[in-house]
Amino acid sequence: MRAWQVHRNAAPRDALRLVEIDEPEPGPGELRLRVHAAAIGMPDAFLCRGRYAFRPPIPFVPGQEVCGTVDAVGEGVETAVGTRLMAVTSFYDGRGGFADATVARADTAFRVPDAMSDTSAAAFRIGYSTAWIGLVRRGGLRAGERLLVLGGAGGSGTAAIEVGRALGASVIAVVGGAEKEDLCRRLGAEVVIDRTEVDVPEAVRGATGGAGVDVVYDPVGGAAADAVAGCLRPGGRLLAVGFASGTWARPDTAALVRSSASLVGVYAGGGTRDEDAADHEALLGLFADGRLTVAVTPVPFGSLPDAVARVDAGTAVGKLVVEVG
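Residues numbered from 1 in each chain as written. Predicted model: local features only at pLDDT ≥ 70, side-chain atom pairs only at ≥ 80, totals over all residues. Heavy atoms only, no water.

Caption draft 1: Quick look at the packing of helix α3 (residues 118-138) against helix α4 (residues 155-166). Two elements in contact, α3 and α4, have axes whose closest approach is 9 Å; the angle formed by their N-to-C orientations is 55°. In terms of orientation, α3 and α4 fall into the oblique class. In terms of crossing hand, the pair formed by α3 and α4 is right-handed. Contact with α3, carried on its side by G127, Y128, A131, W132 and L135, involves A159, A160, E162, V163 and G164 of α4 and no other residues of that element. Residue classes in the contact of α3 with α4 are distributed as seven nonpolar, two polar and one charged. (Axes fitted to C-alpha atoms, helices over the stretch in contact; angles between N-to-C directions. Helix = DSSP H or I, 4+ residues; strand = E, 2+ residues; numbered from the N terminus. Parallel < 35°, antiparallel > 145°, perpendicular 65-115°, else oblique. Left-handed = near helix turned anticlockwise from the far one by under 90°. Contact = heavy atoms within 4.5 Å. Nonpolar A, V, L, I, M, F, W, Y, C, P; charged D, E, K, R; others polar.)

Caption draft 2: Up close: the packing of aromatic side chains. Summed over all chains, the structure comprises nine aromatic pairs. Relative to Y92, the ring of F91 has its centre 5.6 Å away and its plane inclined at 70°; by these criteria the two rings are edge-to-face. Classification of Y92 as partly exposed rests on a relative accessible area of 27%. Here F243 and W248 contribute two aromatic rings whose centre-to-centre distance is 4.9 Å and whose plane-to-plane angle is 40°, an arrangement assigned as tilted. Through successive ring pairs, a cluster of aromatic residues spans Y52, F54, F91 and Y92. Here the guanidinium or amino end of R125 rests over the ring plane of F110, the centre of that ring lying 3.9 Å away. Seen from the ring of F110, R273 lies directly overhead, with NZ or CZ sitting 4.0 Å from the centre. (Phe/Tyr/Trp six-rings, centres within 6.5 Å; stacked < 30°, edge-to-face > 60°. Buried < 20%, exposed > 50% of the residue type's maximum accessible area, 1.4 Å probe, protein only. Lys NZ or Arg CZ within 6 Å of the ring centre and 35° of its normal.)

Caption draft 3: The pattern of salt bridges, seen in detail. This model, assessed by the stated rule, comprises 21 salt bridges. Notably, a salt bridge pairs E25 with R32, separated by 3.4 Å at the nearest N-O pair. What makes E25 exposed here is its relative accessible area of 55%. For R111, the salt bridge goes to E281, with nearest N and O atoms at 3.0 Å. Of this pair, R111 sits in strand β7 (residues 109-111) while E281 sits in helix α9 (residues 273-288), and the two are 170 residues apart along the sequence. You can call R111 partly exposed: its relative accessible area is 42%. (Salt bridge = Lys/Arg side-chain N within 4 Å of Asp/Glu carboxyl O.)

Any link to function would need more than the numbers given here.
Right under this line is the structure:
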């Protein structure tokens, strides 16, 4: 089968090589998917560079999230061959989704409604479930509250904007550039701040009449997150979701204490299967109601290294999804 492998740790264009390899075989509790589409995220760029929490032995196939059709199952798996599913792949051991076929644990695979395209399904599982866990389970976001989304035009940010709007929050998004600003407005952000043009904390205070925001959704980390911690209202929550900048948020603890605010960790992999299934169905309900659009940008399979490089450089607009099958 065709597969994009990381053959050395480097920038994505130098790390990835298109090869022919044997199809992976599912073990106990696993299923194999014939990949239709695979979403691209910042972790894939980190995997290329060898900077992610998981470091499979080289060479390996990256790609965390896919939509595909089951064509083989391992011992103990009752899923029918021919079922279309979205799944988180076994990327952590090198059997990722940037290939014609991939393997996933059965408990990381979820149903795809008929009305959802392959490309949207590939982009749905990680981004939207993380947004739900962060905003609902960890952040307790309520209708009428103000939500500030950092990295608003990225895959994590766009999901957070849509879920926040669906929950009834007023959304402020932070982006870099006019094209990204346009995307966030189309997704429902009421205020969009271009960080390349203005001071973000000052703009947030201006947009809220000095009151600040109730929740910050932070997939960026680093100085960008630290700077907006002071924009939290009393009782506010800074949700540490990711570190696209290369470092996690390290806000001024004294500032958090003075406003009785909280730094809240968000880990999407910590729920039970029942909790994950309940979250998934809640999100599919929002999709069925038309409150989640799951907008993606399709990428040809042969252009994968360039697409991962765009995510790595922060120039990608929206969620990029490579069309495989």
